[in-house]
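Overview (structure and organization)
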There are 2 protein chains.
Amino acid sequence: MPRAIASSETSSPAVAGDSADSTRERIVAAAMQEFADRGIAGARVDRIAQNARTSKERVYAYFRSKEALYDHVAEREMTALVEATDLDPADLPGYAGVLFDHFVERPDHYRLITWGRLELAESSTVSDPLSRTIESKLAQLRAAQRSGLVDSSWDPIDILALINQIAATWVGQPEIAAAAPSASSTLKRRRAVVVSAVECLFPRAE
Amino acid sequence: MPRAIASSETSSPAVAGDSADSTRERIVAAAMQEFADRGIAGARVDRIAQNARTSKERVYAYFRSKEALYDHVAEREMTALVEATDLDPADLPGYAGVLFDHFVERPDHYRLITWGRLELAESSTVSDPLSRTIESKLAQLRAAQRSGLVDSSWDPIDILALINQIAATWVGQPEIAAAAPSASSTLKRRRAVVVSAVECLFPRAE
């Protein structure tokens, strides 16, 4: 759960200049990899700086702490997820398929978020951007229920929770994925299972 | 994914004696808490020893490494899960409800397993006890399909993967759980949602 978000709009004077943007981008990319690999406690700012071809001091000039850097990367990932996966209430099975594709293409995204869920469990607050994302999807589902596109007997939060969870069935359970016979483990088949399960629960509008 | 399992049957001569069993139990209990809180890389054997009222040397006399201790604890947890949740192929929604109860009662279990999934992702092998557990559940489902209790159009591995995943809908997504309005967030209601979702996918045999 990303907590507070580092301010990403203002560069400090110490890091302003022509190459500031590209240095900052390299730091964020290196941080993404480091956090996905090792989590927050396990990440080392030294290694992030080295992989971004800059100094530890420079990293702290952009981001005040390792935690602020994590929050920034997690918010960026959440935005990328929302942009890559458009929720169409008339086609929830299709939405589940697109979520599945995102998890397959970006295993580092899933790892990054899962580390945060474990390591930030004590902070019960959810970041504003993430709250807004969830709220906006809930509003779409409520409107679709009012217009008869989605079965009104479900609470929208349950629809969202179940679809997200089902889309992550294999990425979230590597031990079951590993136990699958090879004929069952093609991506195409797994994607079809996710889509059919969601179709059974939340059928496409006719 | 637990990897190799530490041999737990033989005590070394250095730790034999009347109190050996209870020391060992205290080490395992302290390790469970430490791994659930901090994961494998973040766990400290010093702290485990201190919380178990023993020495670091004694911990290593029982378990050859921190990783071996994790593997032992994870295997023990997996056994406890299997014992607490009996798979009845004629009542898969009921099985999902019991799994849900286990995750609610033992959030430390879910955390322990999730850390392992992240931290041991590179080891593609699944421990023998875990493989055997999965295989035995798959055999039950196959037999139930042959006798007509369970729809044969599903691959048993997909049934198992979906039920496990759906049962963990809220424990696995704390940010969605936190976004739920309070009326939606009672355990009773969440359990009912898990059971209905699985009932829709894999109805009880008549």
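Residues numbered from 1 in each chain as written. Chains lettered and ligands numbered in written order. Predicted model: local features only at pLDDT ≥ 70, side-chain atom pairs only at ≥ 80, totals over all residues. Heavy atoms only, no water.

Focus: the overall build of chain A
Applied cut-off: Per the convention used, a helix needs a DSSP run of H or I reaching at least four residues, while a strand needs a run of E reaching at least two, with both numbered from the N terminus. Remark: exposure states derive from per-residue accessible area (1.4 Å probe, protein chains only) relative to the maximum for the residue type, with buried under 20%, exposed over 50%, and partly exposed in between. Here, two residues are considered to be in contact whenever any of their heavy atoms come within 4.5 Å of each other.
When you go through chain A residue by residue, the secondary structure sums to ten helices and zero strands. Secondary structure elements of chain A occur, N-terminal to C-terminal, as α-α-α-α-α-α-α-α-α-α. Here chain A holds 206 residues, and the buried ones make up 51% of them. Long-range pairs, those at least 24 residues apart, make up 71% of the contacts in chain A between residues at least 6 apart in sequence.

Brief notes about the pattern of salt bridges
This is how it is decided: The salt bridge definition used is simple: a Lys or Arg side-chain nitrogen within 4 Å of an Asp or Glu carboxyl oxygen.
All chains considered together, the criterion is met by 24 salt bridges over all chains. Residue R189(B) is joined to D155(A) by a salt bridge in which the shortest nitrogen-to-oxygen separation is 3.9 Å. Remark: D155(A) occurs in the loop between helix 7 (128-146) and helix 8 (156-167) and R189(B) occurs in helix 10 (residues 187-201); the pair is interchain, linking two chains. Linking R117(B) and E175(A) is a salt bridge whose minimum nitrogen-to-oxygen distance equals 2.5 Å. Highlighted residues: R117(B) in helix 6 (residues 107-119) and E175(A) in helix 9 (residues 174-179), drawn from two different chains. Taken together, the shared-partner salt bridges in this structure form one network comprising E34(A), R38(A) and R47(A).

Topic: the interface of chain B and chain A
Worth spelling out the cut-off: Buried area is a sum: the accessible area each of two parts loses on coming together, probed at 1.4 Å, counted once for each and added.
The partner chain A presents 39 residues to the 39 residues of chain B that form the contact. Taken over both partners, the interface formed by chain B and chain A buries close to 3,800 Å², and the fraction arising from carbon and sulfur atoms is 69%. Of all residues in chain B, L118(B), Q165(B) and E175(B) give up the largest surface area on contact with chain A, accounting jointly for 18% of the area buried on that side. Viewed at the interface, chain A and chain B are joined by six salt bridges. For the side of chain B that touches chain A, the elements supplying multiple residues, two or more each, are helix 6, helix 7 (128-146), helix 8 (156-167), helix 9 (174-179) and helix 10 of chain B.

Here we look at the packing of helix 1 (residues 20-42) of chain A against helix 6 (residues 107-119) of chain A
Residue and element names in this part refer to chain A. Rule in force here: To obtain an axis, a line is fitted to C-alpha atoms, over the contacting stretch when the element is a helix, and the angle between two such axes runs from 0 to 180 degrees between their N-to-C directions. Put simply, angles under 35 degrees are roughly parallel, angles over 145 are roughly antiparallel, angles from 65 to 115 are roughly perpendicular, and the rest are oblique. Each crossing gets its handedness from the near helix: less than a right angle anticlockwise from the far helix is left-handed, clockwise is right-handed. Here the nonpolar group is Ala, Val, Leu, Ile, Met, Phe, Trp, Tyr, Cys and Pro; Asp, Glu, Lys and Arg are the charged ones; every other residue, Gly included, is treated as polar.
Where helix 1 meets helix 6, the closest approach of the two axes is 8 Å, and the angle between their N-to-C directions is 25°. The orientation of helix 1 relative to helix 6 falls into the category roughly parallel. Judged by the twist between their axes, the crossing of helix 1 over helix 6 is left-handed. Of helix 6, the residues touching helix 1 (which contributes M32, F35, A36, D37, R38, G39, I40 and A41) are D108, H109, R111, L112, W115, G116 and E119. Of the residues contributing to the contact of helix 1 with helix 6, the split by class is seven nonpolar, three polar and five charged.

Structural notes on helix 5 (residues 92-105) of chain A
Three- or four-residue spacings in an α-helix give side chains the same orientation, since the helix completes a turn every 3.6 residues. Residues and elements named next belong to chain A. The condition is simple: By this rule the span expected of a helix is its residue count minus one, scaled by 1.5 Å.
Its 14 residues give helix 5 an end-to-end C-alpha distance of 20 Å, which sits within 8% of 20 Å, the value for a rise of 1.5 Å per residue. By the burial criterion, the buried members of helix 5 are L92, P93, Y95, A96, G97, L99, F100, H102 and F103. Summarising the contacts, the buried residues of helix 5 are in contact with helix 4 (66-84), helix 6, helix 7, helix 8 and helix 10 (187-201).

Digging into the relation of the copies chain B and chain A
We count it as follows: Each copy is superposed on the other by least squares, with the fit set by C-alpha atoms of residues at a pLDDT of at least 70 in both.
With an axial shift of 0.0 Å and an RMSD of 0.0 Å, the rotation relating chain B to chain A amounts to 180°. Given the turn and translation reported, the copies of this chain are related as if by a two-fold rotation axis. A shared interface surface links the copies, since 100% of the contact residues of chain B are contact residues in chain A too.

Section: unusual backbone geometry
Residues and elements named next belong to chain A. The backbone of R53 sits at a positive phi, close to 55°, despite the residue not being glycine. Locating R53 in the fold gives a position in the loop between helix 2 (45-51) and helix 3 (56-62). The class for R53 is exposed, based on a relative accessible area of 64%.

Some points on helix 8 of chain B
Residues and elements named next belong to chain B. Threshold: Polar contact is the term for a pair of N or O atoms within 3.5 Å; when the atoms are in protein, one must be able to donate a hydrogen and the other to accept it, and sequence-neighboring residues count only if both atoms are side-chain atoms.
Here helix 8 spans 17 Å end to end across twelve residues, near enough to the 16 Å set by a 1.5 Å rise per residue. Most of helix 8 is tucked away, with twelve of its twelve residues classed as buried. Among all positions of helix 8, only P156, I157, D158, I159, L160, A161, L162, I163, N164, Q165, I166 and A167 are buried. For helix 8, the N-terminal capping position is held by D155, with its side-chain oxygen 3.0 Å away from the main-chain nitrogen of I157.

Some points on the confidence of the model for chain A
Residues and elements named next belong to chain A. Where we set the bar: Values of pLDDT, the confidence the predictor places in each residue, fall between 0 and 100.
Per-residue confidence for chain A averages 88 on the pLDDT scale, and 89% of its residues sit at or above 70. When pLDDT is averaged over each helix and strand of chain A, the minimum, 85, is found for helix 9 and the maximum, 97, for helix 2. Every residue in residues 1-13 scores below 50 in pLDDT, and together they form 34 contacts with partners more than four places removed in sequence or on other chains. In the predicted complex, the global pTM is 0.87; the interface-specific ipTM is 0.87.

Quick word on the packing of aromatic side chains
All names here are of chain A. The following threshold applies: Two rings belonging to Phe, Tyr or Trp (six-membered ring only in the last case) form a pair when the distance between their centres is within 6.5 Å. Interplanar angles under 30 degrees mark stacking, angles over 60 mark edge-to-face geometry, and anything in between is tilted.
Summed over all chains, the structure comprises eight aromatic pairs over all chains. Where F35 meets Y70, the ring centres are 5.3 Å apart and the plane angle is 90°; that geometry is what we call edge-to-face. Residue F35 is located in helix 1, and its partner Y70 is located in helix 4; the two are separated by 35 residues in the primary sequence. With respect to class, F35 is no different from Y70; both count as buried.

So, the side chain of N164(B)
Looking at where N164(B) falls in the secondary structure, it is placed in helix 8. Every residue in contact with N164(B), bar those within four places of it in the chain, is listed here: Q173(A), I176(A), L99(B) and F103(B).

Let's talk about the environment of I134(B)
Relative to the helices and strands, I134(B) is located in helix 7. Expressed as a C-alpha distance, the spacing of I134(B) and V82(B), which sit 52 residues apart in the sequence, is 10.0 Å. Once you skip the residues sitting within four places of it in the chain, I134(B) turns out to touch E175(A), I176(A), A179(A) and L160(B).

Overview of the packing of helix 5 (residues 92-105) of chain B against helix 10 of chain B
Residue and element names in this part refer to chain B. With their axes 8 Å apart at the nearest point, helix 5 and helix 10 run at an angle of 145° to one another. Considering how the two elements wind past one another, helix 5 and helix 10 form a crossing that is right-handed. Taken together, the residues of helix 10 that come into contact with helix 5 (itself represented by L92, P93, A96, G97, V98, F100, D101 and V104) are L187, R190, R191, V194, V195, V198 and E199. Its residues assigned to classes, the contact of helix 5 with helix 10 comprises ten nonpolar, one polar and four charged.

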